Amino acid sequence: MCLAVPGRVVRTFERHGTPMAEVDFGGVSKDVCLAYLPEVAADDYVIVHVGFAIQRLDERRALETLAEFRRFGLLDEELIDPFTAEAGEEAVTP
Amino acid sequence: MRYLEEFRDPELAERLLKEIHAVTTRPWALMEVCGGQTHSIIRHGIDQLLPESIELIHGPGCPVCVTPLEIIDKALEIASRPEVIFCSFGDMLRVPGSRADLFQVKSTGGDIRVVYSPLDAVTLAVDNPDRQVVFFGIGFETTAPANAMAVYQARQLGLRNFSLLVSHVLVPPAMAAIMESPACRVQAFLAAGHVCSVMGTDEYPPLAERYRVPIVVTGFEPLDILEGVRQAVVQLEAGRHTVDNAYPRAVLAEGNPAARAMLHAVFEVTDRAWRGIGTIPRSGWRLSPDYREFDAELRFDVGGLRADESTACRSGEVLQGLIKPHECAAFGAECTPRHPLGATMVSSEGACAAYYLYRRLEPARAGAR
Ligand code: SF4
């Protein structure tokens, strides 16, 4: 029960005065309460837990994290790559 | 799905693993706090890909598992009453009480409904004015905002037939209790990402300082967990102990202010018993005086129950990271997810069930390489 999962907001609406959203979880969609994230709009990604959106997924931060992962190991690869090593200094700088 | 598949990318996992191997020079014991993380670690075999010298200790972060036996017994007692519709998340149904579980109560005529959200229970109360609807409100800080909203709505709607059986537990006091234990081997924490999505991170710097322990807020996908481990090891190797956020796409320092405000209106801090661990001071929530009329324990007189814990079950030691599930003699024999002796075998976020599900019948490292 404790798992929270990300989904994409398809549309927002109101039910009995409470902000709601239809959220798509990779093909399955569910109605989700937006009471704690009323500013969310269509196409935003949110983390949903027991029918409530508890936080937005920040696209910029997600991309930054992935970019950082991509940089791991790059230095090693350059150092051991024979082509780069032979090509001399110019080729080392990315 | 965006931001899901990307964080499972095997090539990036490879890079992160290399980096972890490169920075690790000594043995370290890290605890992942959340059961969702335990599940992901065992499912993806992450513990077996890490350097041999890094041990992951599975923490107490499964609310199903730590809900105390007395509360389960109270749930069974309330759910047996003819006037009651008892609503619960599905994985509570198989949690063994002293004498039965909710499934058995259901099969002997109890009106027990599995709901997806606590708001479904509010709807049931509106639709059944002549019945008492009780929602089993368990969970960590992640789940509490949903349960708080259910009570808030019940009050807005003037419902007199809705109540909450509350057993909310809080993560930071449990981390402190683990560090206080003389048997504690934990040197760094991977903090529970979605708890922090709600609560933010400001409860953790005092813990990191007091126990000189690095705390890295960590997500749930394989890359998130590897990055949590990497940041924790980098701190350990450098002799630092600060709070880092390895899950910035879902965790802001301030958490979710609207949810926090609701939590503080509806709940107040109280001592709580944790199954298998014992009472931890100020480690849970109960309804605040303003909302106490919605407390199922007061509405139904369920005092005086005596709880009997199975003596074979070692879930207390599992929950504190003192043994791994397969070191329990009952594991996979008398105790399976179908017939669990202890709560850690019930939910897939419980360490025993995760080990069973992903066939960790051998000591974790054997046969993995
Ligand atoms: S395997 Fe079963 S009996 Fe053993 S500790 Fe886990 S839940 Fe308890």
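Residues numbered from 1 in each chain as written. Chains lettered and ligands numbered in written order. Predicted model: local features only at pLDDT ≥ 70, side-chain atom pairs only at ≥ 80, totals over all residues. Heavy atoms only, no water.

*Asks:* Any chance you could explain the domain arrangement of chain B here in plain terms?
*Replies:* How big an interface is tends to be reported as the loss of accessible area on association of its parts. Residue and element names in this part refer to chain B. Each assigned domain of chain B is listed with its residue range as follows: domain 1 (25-308) and domain 2 (315-368). A C-alpha centroid distance of 20 Å is found between domain 1 and domain 2. Of the residues lining the interface, 34 residues belong to domain 1; the matching set on domain 2 comes to 28 residues. Across the domain 1/domain 2 interface, buried area totals approximately 2,500 Å², and carbon plus sulfur atoms make up 58% of it. (Domains from an automatic or database assignment. Contact = heavy atoms within 4.5 Å. Buried area = accessible area lost by both parts, 1.4 Å probe.)

*Asks:* Would you mind going over the site of the ligand with me for this structure?
*Replies:* In the vicinity of the ligand, the contacting residues are Cys313, Arg314, Ser315, Cys328, Ala330, Phe331, Cys335, Leu341, Gly342, Thr344, Met345 and Cys352 of chain B. Within the shell around the ligand, the residues separate by chemical class into eight nonpolar, three polar and one charged. (Near = heavy atom within 4 Å. Nonpolar A, V, L, I, M, F, W, Y, C, P; charged D, E, K, R; others polar.)

*Asks:* Help me out: how do you make sense of unusual backbone geometry in this one?
*Replies:* If a residue is not glycine, its phi is most likely negative; likewise, a peptide bond is most likely trans. One non-glycine residue, Val50 of chain A, lies in the positive phi region at around 35°. Tracing the backbone through its elements, the reader meets Val50 of chain A in the loop between β4 (45-49) and β5 (52-56). Judged by relative accessible area, which is 8%, Val50 of chain A ranks as buried. The phi dihedral of Arg282 of chain B falls on the positive side, at around 50°, and the residue is not glycine. You can call Arg282 of chain B exposed: its relative accessible area is 56%. (Helix = DSSP H or I, 4+ residues; strand = E, 2+ residues; numbered from the N terminus. Buried < 20%, exposed > 50% of the residue type's maximum accessible area, 1.4 Å probe, protein only.)

*Asks:* Would you take a moment to explain the packing of helix α7 (residues 118-127) of chain B against helix α8 (residues 144-156) of chain B for this structure?
*Replies:* Two packed helices can be described by the angle between their axes and the distance between those axes. Residue and element names in this part refer to chain B. Where α7 contacts α8, the two axes come as close as 8 Å, and the packing angle between them is 20°. As summarised for this structure, α7 and α8 are arranged roughly parallel, according to the angle between their axes. Note that α7 runs across α8; the crossing there is right-handed. Contacts between α7 and α8 pair Pro118, Leu119 and Val122 from the former with Ala146, Asn147, Met149, Ala150 and Gln153 from the latter. Grouping the amino acids of the contact of α7 with α8 by side-chain chemistry returns six nonpolar, two polar and no charged. (Axes fitted to C-alpha atoms, helices over the stretch in contact; angles between N-to-C directions. Parallel < 35°, antiparallel > 145°, perpendicular 65-115°, else oblique. Left-handed = near helix turned anticlockwise from the far one by under 90°.)

*Asks:* Could you clarify how one ought to interpret the environment of Arg338 of chain B in this entry?
*Replies:* Relative to the helices and strands, Arg338 of chain B resides in the loop between α15 (315-319) and α16 (351-357). The spacing of Arg338 of chain B and Thr38 of chain B is 300 residues in sequence and 20 Å in space, taken between C-alpha atoms.

*Asks:* For this particular structure, what's the right way to read the interface of chain B and chain A?
*Replies:* Counting from both sides, the interface comprises 45 residues of chain B and, opposite them, 39 residues of chain A. For the chain B and chain A pair, buried surface summed over both sides reaches about 3,800 Å², with 68% attributable to carbon and sulfur atoms. At the surface where chain B touches chain A, the tally comes to one salt bridge. Summed over the shared surface of chain B and chain A, the result is 11 residue pairs in polar contact (both at pLDDT 80 or more). Broken down by secondary-structure element, the contributors of at least two residues to the side of chain B that touches chain A are α1 (10-23), α4 (63-66), α7, α8, α10 (193-199), α12 (222-238) and α13 (257-266) of chain B. The element contributing the most residues to the side of chain B that touches chain A is α8 of chain B, with five residues. For the side of chain B that touches chain A, the residue count by class is 27 nonpolar, nine polar and nine charged. (Salt bridge = Lys/Arg side-chain N within 4 Å of Asp/Glu carboxyl O. Polar contact = N/O pair within 3.5 Å; in protein donor to acceptor, adjacent residues only side chain to side chain.)

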